[in-house]
Amino acid sequence: MVRKICAITANRADFSRIETILEAVKKHPDLDLQLVVLGSHLLEKTGHTVQEIIKRGFIPDQTIQMELEGSNPVSMTKSVGLAMIELATALDRLKPDVVVAPVDRFESLAMGIAPALMNIHVAHVQGGEVTGTIDESIRHALTKMSHLHFVATEKSRERVIKMGELEETVFNVGCPGTDLLLKIPPLSREKTIWRLNDEIVRGDKKFDPSKPYFLLIQHPVTTEFGSSGDQIKETMEALKNIGQQAIVLWPNIDAGSDDISKILRRYTDKEIDHFTALALKHIPHDLFTNTLRNASCLVGNSSTGMREACYFGTPVVNIGTRQSGRERGRNVVDAPNDRKQIEDAIRFQLGHGAYPVEHIYGDGTAGEKTAEILATIKLPNIQKKITY
Amino acid sequence: MLKELQEHPDIDLQIICTGALLVDRYGEKVLEDLEASGFKIQEKILSHIEGGNHVAMAKTAGLVALEATNILQKLDPDIAVVCGDRSEVLAMTIAATYMNKPVAHIEGGDLSGSIDESVRHAITKLAHVHFVTNEDSRKRVVQMGENPKYVFNFGSPDVEFASLSDMKITNEIVNNRGVGDHIDITKPFLTVIQHPVTTERDNFAHIETTLDAVLEAGIPAIWFWPNNDAGTNEMSRKLREFHEKNLTNHGIRFILDLKPDDFTSLLKTTSCLVGNSSSGIKECSYFGTPVVNIGSRQNGRTRGPNVIDVSTDKEEIKKAITAQLSHGPYPRSDIYYKPDTSKNIAATLANIELYTQKSFHHA
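Everything quoted here is computed from the prediction, not taken from an experiment. (Residues numbered from 1 in each chain as written. Chains lettered and ligands numbered in written order. Predicted model: local features only at pLDDT ≥ 70, side-chain atom pairs only at ≥ 80, totals over all residues.)

J.: Could you clarify how one ought to interpret the overall build of chain A in this entry?
T.: Check the secondary structure of chain A and you find 15 helices and 14 strands. For a compact globule of 388 residues, the expected C-alpha radius of gyration is about 21 Å, and chain A comes in at 20 Å, within 12% of that figure. C-alpha atoms of chain A, sized along the principal axes, occupy 65 × 40 × 40 Å. When contacts within chain A are restricted to residue pairs at least 6 apart in sequence, those whose partners lie at least 24 apart make up 70%. (Helix = DSSP H or I, 4+ residues; strand = E, 2+ residues; numbered from the N terminus. Rg over C-alpha atoms; globule rule 2.2 N^0.38 Å. Contact = placed C-beta atoms within 7 Å.)

J.: Looking at this structure, how should I read the overall build of chain B?
T.: What chain B contains, in helices and strands, is 15 helices and 13 strands. The C-alpha radius of gyration of chain B comes to 20 Å, within 12% of the 21 Å expected for a compact globule of 363 residues. Projected onto its principal axes, the C-alpha coordinates of chain B cover approximately 60 × 40 × 40 Å. Every one of the 363 residues in chain B was classed for burial, and the buried ones make up 55%. Contacts in chain B between residues far apart in sequence, at least 24 positions, make up 69% of those at least 6 positions apart. (Buried ≥ 20, exposed ≤ 12 C-beta atoms within 10 Å, placed from the backbone.)

J.: Help me out: how do you make sense of the domain arrangement of chain A in this one?
T.: In many reports, interface size means the accessible area that the parts give up when they come together. All names here are of chain A. Examined at the domain level, chain A breaks down into domain 1 (3–175 + 362–376) and domain 2 (182–352). Just the C-alpha atoms count here: the centres of domain 1 and domain 2 sit 26 Å apart. Among the residues forming the side of domain 1 that touches domain 2, the class breakdown is 5 nonpolar, 13 polar and 5 charged. (Domains from an automatic or database assignment. Nonpolar A, V, L, I, M, F, W, Y, C, P; charged D, E, K, R; others polar.)

J.: How do you make sense of the nonpolar core when you look at a structure like this?
T.: The nonpolar side chains of a soluble globular protein tend to be buried with one another. M84, V100 and A114 of chain A are the most contacted members of the largest nonpolar core, which has 117 residues in total. The residues contacting A114 of chain A, other than those within four sequence positions of it, are M84, L87, A88 and L91 of chain A together with A58 of chain B. Listed in part, the 47 residues of the second largest apolar core include A213, A217, L239 and L266 of chain B. (Core = buried A, V, L, I, M, F, W, Y, C linked by C-beta atoms within 7 Å.)

J.: Got a minute to help me understand the domain arrangement of chain B in this structure?
T.: Residues and elements named next belong to chain B. Here the domain parsing of chain B yields domain 1 (2–155 + 338–351) and domain 2 (171–327). Once you take the C-alpha centre of each, domain 1 and domain 2 turn out to be 26 Å apart. Contacts between the two partners involve 20 residues from domain 1 and, on the opposite side, 21 residues from domain 2. Listed by contribution, the elements that provide at least two residues to the side of domain 1 that touches domain 2 are α2 (24–36) and α3 (54–75). Broken down by element, the residue count for the side of domain 1 that touches domain 2 peaks at 6 residues, all from α2. The residue makeup of the side of domain 1 that touches domain 2, split by class, is 6 nonpolar, 9 polar and 5 charged.

J.: Help me out: how do you make sense of the sheet that holds strand β13 (residues 316–319) of chain A in this one?
T.: Adjacent strands of a sheet pair through backbone hydrogen bonds, lying either parallel or antiparallel. Residues and elements named next belong to chain A. Taken together, the 7 strands give an open sheet; going across it, the order is β10-β11-β9-β8-β12-β13-β14, and neighbouring strands pair in mixed fashion. Among the strands making up the open sheet, the edge pair consists of β10 (270–272) and β14 (332–335). Taking the axes of each pair of neighbouring strands and ignoring which way they run, one obtains an average angle of 25° across the sheet. Across 4 bridges, strand β8 (residues 213–217) lies against strand β12 (residues 297–300) in parallel orientation. What sits directly across from I217, in β12, is G300. Each of β12, β13 and β14 touches helix α14 (residues 339–352); the most contacted strand, β14, lies at about 165° to it. (Pairing = 2+ DSSP bridges. Axes fitted to C-alpha atoms, helices over the stretch in contact; angles between N-to-C directions.)

J.: Is there a simple way to explain helix α14 (residues 314–327) of chain B in this structure?
T.: Owing to its 3.6 residues per turn, the α-helix brings residues three or four apart onto one side. Residue and element names in this part refer to chain B. With 14 residues, α14 ought to run about 20 Å at 1.5 Å a step, and its terminal C-alpha atoms sit 20 Å apart, in line with that. Residues of α14 that are buried make contact with β8 (190–193), α9 (203–217), β11 (272–275), β12 (291–294) and β13 (307–310). Positive phi shows up at G328, right after α14, with a value of about 75°. (Expected span 1.5 Å × (residues − 1).)

J.: Explanation requested: the sheet that holds β11 of chain B in the structure shown.
T.: All names here are of chain B. Strands sit in the order β7-β10-β9-β8-β11-β12-β13 across an open sheet of 7 strands; the sheet is mixed. The outermost strands of the open sheet, each flanked by one partner alone, are β7 (179–180) and β13. Bridge count between β12 and β13: 4 bridges; the pairing is parallel. Across the sheet, I294 pairs through a bridge with V310, a residue of β13. Contacts from α14 reach β8, β11, β12 and β13 within the one sheet, and its direction differs from that of β13 by about 170°.

J.: Looking at this structure, how should I read the interface of chain A and chain B?
T.: The interface is formed by 43 residues belonging to chain A together with 41 residues belonging to chain B. Those elements giving two or more residues to the side of chain A that touches chain B turn out to be α4 (73–94), α5 (106–117), α6 (135–145) and α7 (154–162) of chain A.

J.: What exactly am I supposed to notice about the UniProt feature "domain: UDP-N-acetylglucosamine 2-epimerase" (unreviewed entry) in chain A here?
T.: In the numbering adopted here, UniProt assigns the feature "domain: UDP-N-acetylglucosamine 2-epimerase" (unreviewed entry) to residues 24–374 of chain A. In this annotation, residues 24–374 of chain A is assigned 42% helix and 17% strand; the end-to-end C-alpha distance for the span is 10 Å. (UniProt positions renumbered as here; feature names shortened; annotations may be inferred.)

J.: How should I be thinking about the packing of helix α10 (residues 228–242) of chain A against α14 of chain A in this particular structure?
T.: The description of two helices packed together rests on the angle between their axes and the distance between the axes. Residue and element names in this part refer to chain A. Look at α10 against α14: their axes get within 8 Å of each other, and the N-to-C directions meet at 50°. One element, α10, and the other, α14, form an angle in the oblique class. Note on packing geometry: the crossing formed by α10 with α14 is right-handed. Residue-level inspection shows E234, T235, E237, A238, N241 and I242 of α10 in contact with α14, the latter providing R339, I342, E343, I346 and R347. Looking at the contact of α10 with α14 residue by residue, the classes come out as 4 nonpolar, 2 polar and 5 charged. (Parallel < 35°, antiparallel > 145°, perpendicular 65-115°, else oblique. Left-handed = near helix turned anticlockwise from the far one by under 90°.)

J.: Whenever I open this one, the environment of T276 of chain A confuses me. Can you help?
T.: All names here are of chain A. With respect to the helices and strands, the residue T276 is situated in strand β11 (residues 275–280). It is 8.6 Å that separates the C-alpha atoms of T276 and K205, two residues lying 71 residues apart in sequence. Residues within four places of T276 in sequence aside, it is in contact with K205, Q245 and E271.

J.: Sorry if this is basic, but what is going on with the environment of L349 of chain B here?
T.: Residue and element names in this part refer to chain B. Here L349 lies in helix α15 (residues 341–351). Taking the C-alpha atoms as reference points, L349 and D78, separated by 271 residues in sequence, lie 9.9 Å from one another. Setting aside chain neighbours within four positions, we find L349 in contact with I11, I79 and A104.

J.: What's the story with unusual backbone geometry in this structure? I'm lost.
T.: Glycine aside, a negative phi is what most residues show, and trans is what most peptide bonds show. Residues and elements named next belong to chain B. Notably, D76 is not glycine yet its phi reads approximately 45°, a positive angle. Among the structural elements, D76 can be located in the loop between α3 and β3 (80–83). C-beta crowding within 10 Å serves as the criterion here: with 10 such atoms nearby, D76 is assigned to the exposed category. Positive phi is not limited to glycine here, since E107 has a value of about 80°.

Here you go:
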């Protein structure tokens with residue numbers, strides 16, 4: 001019998017963690033792919049990335065508009081309530097055998113709870129990792145609602161088992177994000193910037209292809225709500241002091257996001273004291289990967305710095321608590337939310353240059369491995385039981 | 001515990017009620033009793049979606065999360081206290097933690113069957129302070145990566161309540177409620193509480209078996225209607241059909257609920273509790289009331305010597321009931337009991353240093 005696998009995705013970042021799983025599921029003769037797209041994918045301000053999903057050949061079986069305006073803890077909480085309600089209806093219609101719920105976004109918890117309450121098996125992608133922000137709690141709560149666990153590192157596997165999950169349900173397949181990364185043909189720095197200027201940059205101000213650049217991705221830390229504006233200001237002041245041009249990505253929509261955007265608008269899309277920073281909405285994945293590959297330094301608090309940068313040896317300055325505890329390569333230097341210390345760390349990284357490549361999050365076959373397991377595994381008892 | 005919290009000089013108590021407590025069918029009396037005892041209920045969240053199936057249960061959880069958000073924003077508490085393992089409680093916990101309110105969870109680390117098993121541990125991984133009710137559970141919560149500094153075993157507030165209650169249940173209280181036969185509780189009688197197991201499909205068959213076993217055991221029974229979990233419709237239908245066909249002379253009285261201390265007293269008085277309620281494991285361990293625990297719902301929960309576990313097989317249930325009736329009361333067990341449970345919880349809530357950012361504790 002063909003197994004129905006329903007993947008749910010809420011934003012660009014979590015989609016990149018399951019895309020190669022979707023590809024492999026779609027190709028697998030014993031699996032039927034269903035796709036539910038919700039969250040930021042359906043919003044203009046985050047690039048309406050559902051279109052990119054469709055362009056890549058995945059047609060959503062259901063889209064769910066559920067994101068409340070506000071970017072604060074209240075809107076975030078209500079959004080997850082709405083997601084749960086809507087997912088109950090969608091899953092009742094789609095009747096999948098397994099739901100694939102990625103990572104640790106606030107929407108992710110609804111992706112685990114709705115099916116679990118409906119006696120549908122939940123496969124969680126990338127449990128067991130350790131970070132800051134509310135993601136830390138969400139990730140582990142989702143582990144405890146899930147029946148199958150596709151983790152990306154050995155330490156994560158150990159942690160998931162320690163939390164009382166059956167060893168035979170935990171698979172270290174690596175990170176599907178790595179699969180994508182290793183497939184993308186490299187571009188030179190100049191070509192990368194030309195493409196950015198051509199395809200992404202909207203205004204008159206463009207990047208200079210002959211010069212190195214920073215890549216800045218800084219998201220709010222929801223458990224430090226209220227400080228996000230001050231935190232990004234420290235970072236921007238450090239970047240301005242060094243003066244290298246900066247490619248800035250708008251933050252995700254977690255609580256605190258509007259505060260970051262407000263400060264970013266002051267620094268970007270103009271030249272201040274010979275410092276040029278342009279804020280971009282969404283860079284398609286292949287171009288983004290090359291942007292990361294060619295950056296002189298990735299600055300901020302994105303998990304990209306922990307998971308992907310090590311495959312290119314790109315130096316990273318990781319700011320604040322958002323990634324605290326996550327496994328990382330030698331290419332990462334930590335700095336607190338302080339302009340002087342951020343500046344020192346960046347200068348250190350610029351002096352050091354590229355690091356040797358490290359493979360921490362898998363070997364690029366996570367998608368295929370996951371699909372094969374989904375197709376062949378005898379699904380565990382729907383009744384979960386802690387192992388101790 | 002609410003009483004201790006209300007009386008503590010350094011604590012301001014706010015109460016939010018939701019779920020079955022607000023639906024006449026399930027909890028009207030409890031709420032009335034709570035208000036009659038002098039507790040002010042700040043907010044009531046009517047959130048129970050009808051249907052009695054899995055879709056309704058998932059949607060109810062979503063609705064609770066939505067409503068709880070508004071209320072928590074308005075009440076702006078320093079800490080949210082949640083108890084147990086119901087999906088509504090998980091929704092409340094999500095709302096609080098997403099809004100950076102620390103959460104104190106009572107009864108984490110226990111084991112059971114049904115979806116409760118997953119829900120309980122998910123709440124643990126979201127909560128900041130843990131009031132477990134027994135030593136096994138304390139170890140489990142710590143092993144799941146919680147900081148031992150924030151895990152307290154003060155015993156079970158339910159069992160403490162049971163130990164303090166001096167109410168005497170009477171024939172009048174019991175027989176003024178519900179439908180079916182008049183039961184004389186001065187003579188031997190069974191109490192039956194059997195809830196749905198959401199992760200299983202045959203709830204109808206299971207309650208039918210229990211009903212047959214109880215009828216064949218030939219001793220009067222007070223039977224509580226099942227709770228509102230998915231599967232409740234089939235179970236209620238079976239009981240309703242039976243009642244409509246027979247009306248009386250079958251030796252069973254069906255009731256919705258009792259006030260908490262009447263309920264406690266009933267557990268103390270009954271000859272044997274039959275079904276799958278956690279009160280059989282917890283309160284009854286303290287009273288030494290014999291229990292026949294049916295099926296998987298309480299799988300793994302730490303239990304005293306008063307419990308005989310049986311499958312959903314009629315003969316097995318009947319045999320166990322007969323064995324328990326001839327055994328009679330057991331000695332008191334203190335696995336869930338510690339003195340001053342509520343005082344200790346209140347004192348901890350008043351004094352503990354609160355935090356919002358969790359981190360995995362590697363023991």
